[in-house]
Amino acid sequence: MRIDLSADDLSRAPLSDVMAQAAALRDAQWGRRVSYSRKVFVPLTNMCRDTCTYCTFVKHPDEPDASLLTPEDVLRIAREGEATGCKELLFSLGEKPELRYAAARDALARLGYERLTDYLRDMCALVLSETSLLPHVNAGTLTDEEIDLLRPVSASMGMMLETISRRLTRKGHPHYACPDKVPVQRLRTLERAGQRKVPFTTGLLIGIGETWAERIEALHAINDCHTRYGHIQEVIIQNFQRKPDIGMANHPEPALDDMLRTIAAARIILAPDISLQAPPNLHDRHIQYLNAGINDWGGISPVTIDHINPQHAWPQLDQLAQSCAAAGYAFEERLTVYPKYIRDRAEFLDPAILDRMTLMARADGMAAQQILEAAQ
Ligand code: SF4
């Protein structure tokens, strides 16, 4: 793994210098434009075989609000999204709950399925056949066969690498007893997605106990994978958020300067064509984040909450547009797949998905119908 003096340099150089370098790199590749994707969020199931101690999304199957959405639920949420101008439908789900819990197996069996991935595939197909939305799938670690199953019915996929630290899987750490959070398993999924030409989103979760060197190592690992396959369309730098009902309720959140330095380091390390994103609802320092080198705010929903961070409302889109304008950037809507794959990399998209996306995109690959307000 490539770790050299640059990790030290990036941690010791004046923050303003590192941010200025990152911002210049961003401007050279992405110009004076910051993007977002208008999405509706479908939490297909909140049951999961893992138990990450920072997670508020997951519910034990015995809890009353554990759920597996029905096809009717999926379509209802999808239509709400369609009605408010969404183009992306984000399927978010826990990892393989049926391998651990009888209640999850029973819930799937009631819908006629044995495996969550098969149900997810069919829900993606349903969304494609019944709505105008493009599914993006966040299904965690995936096998070759699962990726092959999902690829024809999803425009893009994602899985946060989160951290490369195996140390954090030990007892007393956030990924203890989480089989899908063993870093090598997540790196394998990144690799498989590249081999199968899937436009892929990944990223780091900052402040869960990882060291600076581990962050830098993770960024290099992502970048190395992208160098081999060209499939990493975006990297998210997300800050850990303390919440009262999680195992890490007393764990400190990362400081603003730490986030800014990490974002800037990511921009400097990652290939320029990898979009750099930070969720806009987990902080209120939008202009500082722009100055650290991001070029995208990720998926923002006008109809559904952020189910991963339900206590943090999405900012109004016009506020984000104002922040962008104040920093000298235009604010524009993109699709779930970034323009370069739509315009120049047809091999990354199933032909039917590409046909649909081409109709939804401008000549430059951004969304043809630009909506920059919270709701219509
Ligand atoms: S963070 Fe993801 S993998 Fe971990 S418990 Fe929550 S849903 Fe499961």
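Residues numbered from 1 in each chain as written. Predicted model: local features only at pLDDT ≥ 70, side-chain atom pairs only at ≥ 80, totals over all residues.

## Thoughts on the overall build of the protein chain
For step 1, the next point in the chain: When you go through the protein chain residue by residue, the secondary structure sums to 13 helices and 9 strands.
For step 2, the next point in the chain: With the principal axes as the frame, the protein chain shows a C-alpha extent of 60 × 50 × 40 Å.
For step 3, the next point in the chain: Out of the 376 residues belonging to the protein chain, those deemed buried represent 48%.
For step 4, the next point in the chain: Expressed as a percentage of contacts within the protein chain between residues at least 6 apart in sequence, the contacts between residues at least 24 apart total 77%. (Helix = DSSP H or I, 4+ residues; strand = E, 2+ residues; numbered from the N terminus. Buried ≥ 20, exposed ≤ 12 C-beta atoms within 10 Å, placed from the backbone. Contact = placed C-beta atoms within 7 Å.)

## Thoughts on the environment of Ile263
For step 1, the next point in the chain: Within the secondary structure, Ile263 sits in helix α9 (residues 256-269).
For step 2, the next point in the chain: For Ile263, a count of 29 C-beta atoms within 10 Å translates into the label buried.
For step 3, the next point in the chain: C-alpha of Ile263 to C-alpha of Asn291: the two residues are 28 residues apart in sequence and 9.7 Å apart in space.
For step 4, the next point in the chain: With residues up to four places along the chain from it excluded, the contact list for Ile263 reads Ile237, Leu276, Ala278, Tyr289, Ala292, Gly293 and Ile294.

## Describing helix α7 (residues 183-195)
For step 1, the next point in the chain: Its 13 residues give α7 an end-to-end C-alpha distance of 18 Å, which sits within 8% of 18 Å, the value for a rise of 1.5 Å per residue.
For step 2, the next point in the chain: When α7 is considered as a whole, its buried residues turn out to be Pro183, Arg186, Thr189, Leu190, Arg192 and Ala193.
For step 3, the next point in the chain: Contact partners of the buried residues in α7: α6 (144-150), β4 (156-158), β5 (200-206) and α8 (212-229).
For step 4, the next point in the chain: Once α7 ends, the next one or two residues include Lys197, with phi positive near 55°. (Expected span 1.5 Å × (residues − 1).)

## Some thoughts on unusual backbone geometry
In terms of backbone geometry, most residues other than glycine have negative phi values and most peptide bonds are trans.
For step 1, the next point in the chain: Despite not being glycine, Lys96 has its phi angle at roughly 40°, a positive value.
For step 2, the next point in the chain: Summarising the element assignment, Lys96 is placed in the loop between β2 (88-93) and α4 (102-110).
For step 3, the next point in the chain: Phi is positive for Lys197, close to 55°, though the residue is something other than glycine.
For step 4, the next point in the chain: Tracing the backbone through its elements, the reader meets Lys197 in the loop between α7 and β5.

## Side note on the pairing of β2
For step 1, the next point in the chain: The element β2 is extensively covered by neighbouring structure, given that 6 of its 6 residues are classed as buried.
For step 2, the next point in the chain: Because side chains alternate across β2, one face comprises the buried residues Glu88, Leu90 and Ser92, and the other comprises Leu89, Phe91 and Leu93, equally buried.
For step 3, the next point in the chain: Examined bridge by bridge, strand β1 (residues 33-45) and β2 share 6 bridges and lie parallel to one another. Counted as the bridge partner of Lys39 is Glu88 from β2.
For step 4, the next point in the chain: The pairing of β2 with strand β3 (residues 134-138) spans 5 bridges and is classified as parallel. Bridge pairing in β3 links Leu89 to Pro135. (Pairing = 2+ DSSP bridges.)

## Observations regarding the confidence of the model for the protein chain
For step 1, the next point in the chain: When pLDDT is averaged across the protein chain, the result is 93; 95% of the residues are at 70 or more.
For step 2, the next point in the chain: Note on residues 1-5: pLDDT is under 50 here. Beyond four places in sequence and across chains, it has 8 contacts. (pLDDT = per-residue confidence, 0-100.)

## Observations concerning the packing of α7 against α8
For step 1, the next point in the chain: α8 packs onto α7 with a crossing angle of 20° between their chain directions and a minimal axis gap of 9 Å. As judged from the angle between their axes, α7 and α8 are roughly parallel. α7 and α8 meet at a crossing whose hand is right-handed. Contacts between α7 and α8 pair Leu187, Leu190, Glu191, Gly194 and Gln195 from the former with Ala221, Ile222, Cys225, Arg228 and Tyr229 from the latter. (Axes fitted to C-alpha atoms, helices over the stretch in contact; angles between N-to-C directions. Parallel < 35°, antiparallel > 145°, perpendicular 65-115°, else oblique. Left-handed = near helix turned anticlockwise from the far one by under 90°.)

## Comments concerning the environment of Thr336
For step 1, the next point in the chain: One can find Thr336 in the loop between β9 (330-334) and α12 (339-344).
For step 2, the next point in the chain: For Thr336, a count of 28 C-beta atoms within 10 Å gives the class buried.
For step 3, the next point in the chain: Once the C-alpha coordinates of Thr336 and Gly298 are considered, the two residues, 38 residues apart in sequence, prove to be 9.0 Å apart.

## Focus: the environment of Asp65
For step 1, the next point in the chain: One can find Asp65 in the loop between β1 and α3 (71-83).
For step 2, the next point in the chain: Residue Asp65 is classed as exposed on the basis of its C-beta count, with 6 C-beta atoms lying within 10 Å.
For step 3, the next point in the chain: For the pair Asp65 and Ala102, spaced 37 residues apart in sequence, the C-alpha separation works out to 16 Å.

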